[in-house]
Amino acid sequence: MTIKYEKLIPRFLGYVKQNTRSDENSTTIPSTERQTVFLNKLKDELNEIGMSDVKINPSNSYLTAELPSNLDHEVPVLGLISHIDTADFNSVDIKPKIVENYDGKSIIKLDDDGKYTLDPKVFPSLLKYQGQTLITTSGDTLLGSDDKSGVSEIITTMEYLIANPDIKHGKIKIGLGPDEEIGTGADKFDVPDFGADFAYTVDGGPVGQLEYETFSAAALKVHITGKNVHPSEAKGIMINAVQVAVDFQNALPSVEVPEKTDGRQGFYHLLELNGTVDSADMSYIIRDFERDGLEARKANVKKITDELNSKYGEGTVEIDMYDQYYNMIDVIKDHMDVVKIAEDAMKNLDIVPDEAPVRGGTDGSKISYMGLPTPNLFAGGENMHGRFEYVAEESMEKAVDVILEIVKLNNNRKK
């Protein structure tokens, strides 16, 4: 590891061991108390490294801080944003493992018994990391690189700039927020209070990712009310809620699911199904790159609901469907200078920008629609949201390099 970022990986290893999983069933902000605990620890750390105006916004729980400009002229204010929560997978007692000088070929045993492995035949992304140091899970939890890599990289960048005042920079604002993984974290993001002119989320995957086109997204909850009677007397009377749930799922296009789509193809994704004969509940996410496509998918859901209610009786199937975020390209297309800075920063560092549309969303999707153009930069992680997650130390170092290069390029821009 380079000396200049000597605290980057120890910082990351400490962060991932702290459970910050969010909870979509919660109604609080943040959705879990453990996120508040972590945010307060980060607040103390930001004060310790010398950041200014460090505070947690009581209305949205974003931890924000400022690094004042050391220039003799005014430039646009740069914002850097990451989220501190982790996804819906076991995050208790995370034990990151370090694989040094990975040969790019061998199977990596995550757990002692070898039940869970990182096999290049299954995960060909491993082939890119020959000679590098990988940080993996121990097989029974996620890692939390999404997005504690981003958090670590932003704070390390700030620490480096404070320790090296000869590096010139404009004013920089950072925002570390909760609940991105459940799609609510940026709902109340306060753009005027944040005070940036342009921003990036540091929440992407492998080196080179530069994302400014995302899915448009909706969430769907389905509640099914059955009619339970004794099976011996069921003919013509029973309505099996689980069977209706199966009918609902089967009415959706079978090929339009995540495991059968890629590129610009959208999908319906069944996340959860719980039920008995008496009642059943289903949870979906719906995704499409085109706004019209999202509306068509929502209309299809309503059509299926109407058909099932016609078959089984009005009120059998009830849905709650709402939009989560929209494709940020509709905003970013008018602010491509923000993309250009990131492109130039990567090219200056011999990193080839990967600008493929992201099959997901970021807090930047919502924040861009609030008036702050916010593309997404890579943070380094692979196989995120599960036991096969890993990140290379070198990828995280390159993320810091890119942020620093963006800072330097911004010095030549006019506010």
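Scroll up for the structure.
Residues numbered from 1 in each chain as written. Predicted model: local features only at pLDDT ≥ 70, side-chain atom pairs only at ≥ 80, totals over all residues. Heavy atoms only, no water.

Our focus in this paragraph is the overall build of the chain. When you go through the chain residue by residue, the secondary structure sums to 10 helices and 16 strands. Projected onto the principal axes, the alpha-carbon positions of the chain cover approximately 85 × 50 × 35 Å. Look at the contacts in the chain between residues 6 or more apart in sequence, and 79% of them connect residues 24 or more apart. Total accessible area on the chain is roughly 18,100 Å²; 49% of this is exposed by carbon and sulfur atoms. Positive and negative side-chain charges of the chain, numbering 44 and 70 respectively, have mean locations separated by a distance of 1 Å. (Helix = DSSP H or I, 4+ residues; strand = E, 2+ residues; numbered from the N terminus. Contact = heavy atoms within 4.5 Å. Areas by Shrake-Rupley, 256 points an atom, 1.4 Å probe, with all protein chains shown as cover. Lys, Arg positive; Asp, Glu negative; His and termini not counted. Charge placed at Lys NZ, Arg CZ, Asp CG, Glu CD.)

With 17 residues, helix H2 (residues 33–49) ought to run about 24 Å at 1.5 Å a step, and its terminal C-alpha atoms sit 25 Å apart, in line with that. Within H2, the full set of buried residues consists of Gln-35, Phe-38, Leu-39, Leu-42, Glu-45, Leu-46 and Ile-49. Along the long axis of H2, the arc covered by the buried residues comes to 120°, so they all point the same way. Exposed side chains of H2 directed beyond 90 degrees from the buried face belong to Glu-33 and Glu-48. (Expected span 1.5 Å × (residues − 1). Buried < 20%, exposed > 50% of the residue type's maximum accessible area, 1.4 Å probe, protein only. Arc of directions from axis to C-beta.)

In this section: the sheet that holds strand E7 (residues 134–136). Overall, antiparallel pairing links the three strands, which are arranged E4-E7-E16 in an open sheet. Each edge of the open sheet is held by one strand with a lone partner, namely strand E4 (97–99) and strand E16 (390–392). The mean inter-strand angle of the sheet, taken between neighbouring strand axes irrespective of direction, is 25°. With three bridges joining them, E7 and E16 adopt antiparallel strand pairing. Paired with Thr-136 across the two strands is Tyr-390, which belongs to E16. Those strands touched by helix H10 (residues 393–410) are E7 and E16, and its axis lies near 65° from that of E16. (Pairing = 2+ DSSP bridges. Axes fitted to C-alpha atoms, helices over the stretch in contact; angles between N-to-C directions.)

Another aspect to go through is the packing of helix H1 (residues 8–16) against helix H3 (residues 145–163). H3 packs onto H1 with a crossing angle of 140° between their chain directions and a minimal axis gap of 9 Å. Of the possible angle classes, the one that applies to H1 and H3 is oblique. Remark: the crossing between H1 and H3 carries right-handed chirality. Here Leu-8, Arg-11, Phe-12, Tyr-15 and Val-16 of H1 come into contact with H3, specifically with Ser-145, Lys-148, Ser-149, Val-151, Ser-152, Glu-153, Ile-155, Thr-156 and Glu-159. (Parallel < 35°, antiparallel > 145°, perpendicular 65-115°, else oblique. Left-handed = near helix turned anticlockwise from the far one by under 90°.)

Looking now at helix H5 (residues 241–251). Every α-helical turn comprises 3.6 residues, leaving residues that sit three or four positions apart pointing alike. Turning to H5, its buried residues number three or more, namely Ala-241, Val-244, Ala-245, Asp-247 and Phe-248. Relative to the axis of H5, the buried residues are bounded by an arc of 160° and lie together on one face. Considering only its buried residues, H5 is in contact with strand E11 (216–225), strand E12 (267–275), strand E13 (279–288), helix H6 (291–312) and strand E14 (317–325).

This part takes up the side chain of Glu-153. One can find Glu-153 in helix H3. Summary of buried charges: Glu-153 has no salt-bridge partner, and the nearest side chain of opposite charge, Arg-11, is 11 Å away. Other than its neighbours up to four places away in sequence, Glu-153 contacts Leu-8, Val-202, Phe-378, Ala-379, Met-396, Ala-399, Val-400 and Ile-403. (Salt bridge = Lys/Arg side-chain N within 4 Å of Asp/Glu carboxyl O.)

Our focus in this paragraph is the sheet that holds E11. Pairing is antiparallel in the open sheet, where four strands are placed in the order E12-E13-E11-E14. Edge positions in the open sheet fall to E12 and E14, since each of these has one partner strand only. Strand after strand, the sheet turns through a mean of 15° between neighbouring axes, direction not considered. Direction of pairing for E12 relative to E13: antiparallel, over a ladder of eight bridges. Across the sheet, the residue bridging to Leu-273 is Met-282, located in E13. Across the sheet, H5 touches E11, E12, E13 and E14, and the angle it forms with E13 is around 15°. Contacts from H6 reach E11, E12, E13 and E14 within the one sheet, and its direction differs from that of E14 by about 170°.

So, on to the environment of Ala-219. Topologically, Ala-219 is positioned in strand E11. Along the chain, Ala-219 and Lys-298 lie 79 residues apart, while their C-alpha atoms are 9.7 Å from each other. Residues in contact with Ala-219, not counting those within four places in the same chain, are Tyr-284, Asp-320, Met-321, Tyr-322 and Gln-324.

Most of strand E8 (residues 172–177) sits out of view: six of its six residues are buried. Residues Ile-172, Ile-174 and Leu-176 of E8 are buried on one face, and the alternating residues Lys-173, Gly-175 and Gly-177, pointing to the opposite face, are buried as well. Relative to E8, strand E2 (residues 63–67) is paired through five bridges, and the arrangement is antiparallel. In the sheet register, Leu-63 faces E8, and the bridge partner there is Leu-176. Bridge count between strand E3 (residues 78–83) and E8: six bridges; the pairing is parallel. Bridge pairing in E8 links Leu-80 to Ile-174.

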